Amino acid sequence: MRAIIMAAGMGTRLRPLTDNCPKSLVKVMGQPILERQIEFLKEKGIEEIIIVTGYMAERFDYLKEKYGVKLINNDKYNVYNNVYTMYLVRDYLKDAYVTEADVYMTRNFFTRDLKTSTYFSGIKKDFKSEWIFHFDENGRIHEIEVGDGTDYIMCGISYWTEKDGGIIKEALEEAVREGSFNSMYWDEVVNKSLANAEVYITKINSDDWFEIDSIKDLQIAEDYLKSCIR
C-alpha cells in the first residue's frame, strides 16, 4: 500500500499566504497541512508516499530528508487541472491512497483494512460547487456530480485497489491521448469509469476534515480546533 498526495496547485484563493508558500505547506495551528497527512499515513504503516509538486516545487525538497517521501514535479501545473497530475503518477495508482494536499485531517481515518476502492465522504451543510456522491443501499457509487446543498461530499481522500487502479490508469491514458483533458479534473475520469470499477463510499464525520481553500476556510478550521482544546 502506498499514498499519492496531489500538491501541485497554486492556491490563489489563499493569497497572500501563498505568495511565498505552497498551499499545502500553509500551517494550521502551527503545522503544515501536508505534514499532518504524511504523519497520519506513517502512523498507519504507509511508508511509500509520492508527492506531486508544481507551484514552488523546490519548497518541498526538505520533505525528502524529513520523511523519506518521493517527489514528482508537474511542470504543467498552471496549464492543466489535476487530471494531468494523476496522469504523471498513473503507474502508482494500484493499491494506493490518493489525497489532495489541502485537506486538513482532524482525525486519522486512514486504514490498511480496505477491501474495495473507496471515497471517504461526510455530510457538509450549505456547500457550494462540491462533488456529491450518488450511491446505492450497499454504498456503491454510481455517479459523481458537482452541486450545492447538504449531502455526502468528496473530502479529497480516496483509495484504489489493484484492479480499479488499473482501470483508472487506462482511463487517464485515454483522456490524455485524446487531448481533451485541459480543463478536466481527475474525478471526472473516475466518474466515467464507475460502470467498470467498483467504488464505494466510506462515511466519516463532518468535522473529520477541513478543506483549506481560502483564508475563511483556514479560520474556520482553526476556530474549530481551538474549541476542541478549551
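The following refers to the structure shown. (Residues numbered from 1 in each chain as written. Predicted model: local features only at pLDDT ≥ 70, side-chain atom pairs only at ≥ 80, totals over all residues. Heavy atoms only, no water.)

### As for the overall build of the protein chain
Our working rule: A run of DSSP states H or I qualifies as a helix once it reaches four residues; a run of E qualifies as a strand once it reaches two. Both are numbered from the N-terminal end. Based on C-alpha atoms, the radius of gyration is set beside the globule rule, defined as 2.2 Å times the residue count to the power 0.38. Think of it in three bands: residues with accessible area under 20% of the maximum for their type are buried, residues over 50% are exposed, and the middle band is partly exposed, with areas taken using a 1.4 Å probe on protein chains only. Residues count as neighbours in contact if any of their non-hydrogen atoms are within 4.5 Å of one another.
Along its length, the protein chain carries six helices and 11 strands. Taken over the C-alpha trace, the protein chain has a radius of gyration of 17 Å; the compact-globule value for 230 residues is 17 Å, and the two agree within 12%. Projected onto its principal axes, the C-alpha coordinates of the protein chain cover approximately 45 × 40 × 35 Å. For the protein chain, with 230 residues in total, the buried portion stands at 53%. Taking the contacts inside the protein chain whose residues are at least 6 apart along the sequence as the reference set, 73% of them involve residues at least 24 apart.

### Remarks on the sheet that holds strand β5 (residues 70-73)
Let me state the cut-off plainly: For two strands to count as paired, DSSP must find a minimum of two bridges between them. Note on method: axes are straight lines fitted to C-alpha atoms, helices fitted across the in-contact stretch only, with angles between N-to-C directions ranging 0 to 180 degrees.
A sheet is described by the order of its strands in space; here seven strands give the open sequence β5-β4-β1-β6-β9-β8-β10, paired in mixed fashion. Two strands close off the open sheet at either side, each with one partner strand: β5 and β10 (199-203). Averaged over all pairs of adjacent strands, the angle between their axes in this sheet comes to 35°, without regard to strand direction. Pairing geometry for strand β6 (residues 96-100) and strand β9 (residues 141-160), over four bridges, is antiparallel. Of the residues in β9, the one forming a bridge with Ala-96 is Trp-160.

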